[in-house]
Amino acid sequence: FWTAPELLRLQKIPRKGTQKGDVYSFGIILQEIFLRTTPYYFNVVSSPKEIIMRVRNHEVPPYRPHIPDDSNVPDKAVFLMRCCWHEHSESRPDFHSIRKRLIDINSGRKINIMDNMIQMLEAYSNNLEQLVTERTEELALEKQKTDRLLYNMLPPLVAEQLKRGESVQPECYDEVSIFFSDIVGFTTIANQSEPLQVVDLLNDLYTTFDEIIARHDVYKVETIGDAYMCVSGLPRRNGKKHSGEIANMALDLLNGVTNFKIRHLPGSKLQLRIGLHTGGCAAGVVGTAMPRYCLFGDTVNMASRMESTGKALHIHISAGMNSALKDLGWGFMTMERGIIDVKGKGLQKTYWLIGKTGYSKPLPQTMISLQEKWRQSQDTGRPCSPTESHISDRDHSDSMYGRAFRKTSIAISFLHSLSRDAQNSDSRSVSELSVQDLHLSCESLKDKRPSPVTLSPVQRSQSVGESKIRPMINNLTKNRKSRPELKSKSSTDSSSDESKDSDQSNSSKETPKKFAIPKIEIS
């Protein structure tokens, strides 16, 4: 790099070189000093051999180091460098002239080698400080990115404890609200799509969901396939607001699904099914490799059951969630669904969350229909029948409520529970609410059942099963009415027949406690 071009063209380079060749080498060194780079650093070349070949050849203009315009090198220094590496050796200045020019460049100050070295070290130190500052800023930006990614995987409080090397202790929460959702018919959509299209679909959907939940006081727990789980009330407690926050989020998610478009299936619509429940649970970090923040407790199971027993484009809530929303007083509209069979819980009364007063965002047509029925019931003052909230005149056999009360086993088990309650205690009556629900259910089936001629074999068997309900109620009523209150036995065994007859006549006069069963007619 530092050899003069006329020396490169010689077959044998002089051992001690030439004075003009040294001037050329000094010009290359000046470039290294002023630019603080290696020779030809700003030239676009592929290899050092190419540089040497181009310097040796007679190129026009000669190939020399490139000096950028923004290098802040004094013009006098640039002129001196170009004079030193001139193509013709006779045009190059001698070192006496070079020394004078260097003094002129330094504003007339004469500097020795030590002063020059000290100045270079100072310049290098300043450059190093600037470089350290830039690297520190880049490190801070990378740390922010890492923390942001960690906070998306774990709650910030938990993440900070893990970063400090502390163990995260599990914690119990008395009041939280849990959200579960999945996509109805997702398997069908997956069968019609390529694997990468399924990934893009879920990524688009969950990105939309993440943008929505960021506007509410909720925490996204996890996503498993098409299932989505959120919670409000932990890890940061928010008092009684957790039920309202999770309900607002559920309504916004239904609104988001209404406007969501599937890129590879533009004609298809996603059918989101949502379940909500409130209660207590425990939360903690599980595992060390890819740690997960998990929730445990019966509340989680019940929320999952609310989702699995719900319907597409509906928000299915438990009785506890309905009470929490009513107590909160935020204007949520709920409608009784009725009694359904919940796995592991038995018969449970559940509700639909159908909207909120003042909520103006568009919702699915199913929710709008339920809101109209709810308003009609409010205007007429007649409470909406549980079955009316989800069994339509057109197709009532596919509803969850209809299936539950058409199963003979469920109806019989419900009546057996009434019988056990009646036999265990003479003073305790059957729950009036449960009997009313059964009465409403049977009355709603009275006019909507098709004729036996048009029944399918499965429907005919269900109809036969329903016919068993009335005999059981009649037997239960008959046995209940015929049971007199038993009096204690006489203390003496030598009582006369007259005293026995008198006791029997007196006991027969006592009026038995009534067991009120509503009249149920099934045609």
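Below you will find a few notes about this structure. Just so we're clear, the structure is a prediction, and the values are computed from it rather than from any experiment. (Residues numbered from 1 in each chain as written. Predicted model: local features only at pLDDT ≥ 70, side-chain atom pairs only at ≥ 80, totals over all residues. Heavy atoms only, no water.)

1. Focus: the overall build of the chain
Logical step 1: Counting secondary structure elements, the chain contains 19 helices and eight strands.
Logical step 2: Counting over 523 residues, the chain shows a buried share of 37%.
Logical step 3: For the chain, the proportion of contacts with a sequence separation of at least 24, taken over those separated by at least 6, is 66%.
Logical step 4: For the chain, the accessible area works out to roughly 31,500 Å², and carbon and sulfur atoms hold 53% of it. (Helix = DSSP H or I, 4+ residues; strand = E, 2+ residues; numbered from the N terminus. Buried < 20%, exposed > 50% of the residue type's maximum accessible area, 1.4 Å probe, protein only. Contact = heavy atoms within 4.5 Å. Areas by Shrake-Rupley, 256 points an atom, 1.4 Å probe, with all protein chains shown as cover.)

2. Observations regarding the side chain of S232
Logical step 1: In this structure, S232 sits in strand β3 (residues 227-232).
Logical step 2: Aside from chain neighbours lying at most four places away, what touches S232 is V176, S177, D217, V218, N238, H242, E245 and I246.

3. Here's the deal with the environment of L328
Logical step 1: As for its placement among the helices and strands, L328 is situated in helix α12 (residues 319-328).
Logical step 2: Spatially, the C-alpha atom of L328 lies 9.7 Å from that of H242, the residues being 86 residues apart in sequence.
Logical step 3: Leave out the neighbours within four places in its chain, and L328 touches K240, K241, S243 and G244.

4. Section: unusual backbone geometry
Logical step 1: Of note, the bond from V60 into P61 is cis; its omega dihedral lies within 30 degrees of zero at -5 degrees.
Logical step 2: Within the secondary structure, P61 is located in the loop between α3 (48-56) and α4 (75-84).
Logical step 3: Here the amide bond leading from L234 into P235 is cis, since omega sits at -5 degrees, within 30 degrees of zero.
Logical step 4: Assignment of secondary structure puts P235 in the loop between β3 and α10 (242-258).
Logical step 5: Residue R36 is not a glycine yet carries a positive backbone phi of 55 degrees.
Logical step 6: Among the secondary structure elements, R36 is positioned in the loop between α2 (19-35) and α3.
Logical step 7: Using a relative accessible area of 42% as the deciding quantity, one classes R36 as partly exposed.

5. Comments concerning the nonpolar core
Logical step 1: Ranked by internal contacts, the top residues of the largest apolar core, which has 40 residues, are F179, L270, L276 and I315.
Logical step 2: Ignoring anything within four residues of it in the chain, the contact list for L276 reads I178, F179, I246, A247, A250, M306, I315, H316, I317, S318, M321 and L353.
Logical step 3: With 22 residues, the next largest nonpolar core counts L8, V73, A77 and I98 among its residues. (Core = buried A, V, L, I, M, F, W, Y, C linked by side-chain atoms within 4.5 Å.)

6. Brief notes about the side chain of N255
Logical step 1: Mapping N255 onto the fold places it in helix α10.
Logical step 2: The exposure class of N255 is buried, given its relative accessible area of 12%.
Logical step 3: Among all residues touching N255, those that are not within four sequence positions of it are Y359, K361, P362 and L363.

7. Observations regarding the pairing of strand β5 (residues 292-296)
Logical step 1: Because side chains alternate across β5, one face comprises the buried residues Y293 and L295, and the other comprises R292, C294 and F296, none of which is buried.
Logical step 2: Once strand β4 (residues 271-286) ends, the chain turns through five residues before running back antiparallel as β5, passing G287 with a positive phi of about 90 degrees. (Pairing = 2+ DSSP bridges.)

8. Section: α12
Logical step 1: When we look at burial in α12, the residues that qualify are M321, N322, L325 and L328. The arc that holds the buried residues of α12, viewed along the axis, is 125 degrees, so those residues lie on one side.
Logical step 2: On its buried side, α12 packs onto β1 (171-184), α10, β4, β6 (314-318), β7 (332-342) and β8 (346-356). (Arc of directions from axis to C-beta.)

9. Structural notes on the packing of aromatic side chains
Logical step 1: As enumerated under the stated definition, the model contains eight aromatic pairs in all.
Logical step 2: Measuring from centroid to centroid gives 5.8 Å for Y40 and Y63, while their planes differ by 5 degrees, and the two rings are stacked. With Y40 in the loop between α2 and α3 and Y63 in the loop between α3 and α4, this residue pair connects regions lying 23 residues apart in the sequence. Pair check on accessibility: Y40 and Y63 agree, each one buried.
Logical step 3: Arranged with centres 5.2 Å apart and planes meeting at 35 degrees, the rings of Y206 and Y228 form a pair that is tilted. Linking Y206 in helix α9 (residues 195-213) with Y228 in strand β3, this pair joins segments that are 22 residues apart in sequence. (Phe/Tyr/Trp six-rings, centres within 6.5 Å; stacked < 30°, edge-to-face > 60°.)

10. Section: the pattern of salt bridges
Logical step 1: Under the defined criterion, the tally for this structure stands at 20 salt bridges.
Logical step 2: Here D147 makes a salt bridge to K143, at a shortest N to O gap of 3.1 Å. One end of the pair is D147 and the other is K143, both in helix α6 (residues 113-153) and four residues apart, which spans about a single turn.
Logical step 3: What makes D147 buried here is its relative accessible area of 14%.
Logical step 4: Judged by relative accessible area, which is 48%, K143 ranks as partly exposed. (Salt bridge = Lys/Arg side-chain N within 4 Å of Asp/Glu carboxyl O.)

11. Topic: the state of the cysteines
Logical step 1: Applying the stated rule across the entire model yields zero disulfides.
Logical step 2: No disulfide involves C83; its sulfur sits 6.9 Å from the nearest other cysteine sulfur, which is in C84.
Logical step 3: Look at C83 and you get buried, because its relative accessible area is 16%.
Logical step 4: The thiol of C281 is unpaired, and the distance to the nearest cysteine sulfur, on C172, comes to 8.3 Å. (Disulfide = S-S within 2.5 Å.)

12. Looking at the packing of α4 against helix α5 (residues 95-105)
Helices that pack against each other are described as a pair by the angle of their axes relative to one another and the distance between those axes.
Logical step 1: The interhelical angle for the contact between α4 and α5, taken along N-to-C directions, is 165 degrees, at an axis separation of 10 Å. Taken together, α4 and α5 sit at an angle that is classed as roughly antiparallel. By crossing handedness, the relation of α4 to α5 is classed as left-handed. Across from K76, A77, F79, L80, C83 and C84 in α4, the residues of α5 making contact are I98, R101, L102, D104 and I105.
Logical step 2: Class assignment for the residues of the contact of α4 with α5 results in eight nonpolar, no polar and three charged. (Axes fitted to C-alpha atoms, helices over the stretch in contact; angles between N-to-C directions. Parallel < 35°, antiparallel > 145°, perpendicular 65-115°, else oblique. Left-handed = near helix turned anticlockwise from the far one by under 90°. Nonpolar A, V, L, I, M, F, W, Y, C, P; charged D, E, K, R; others polar.)

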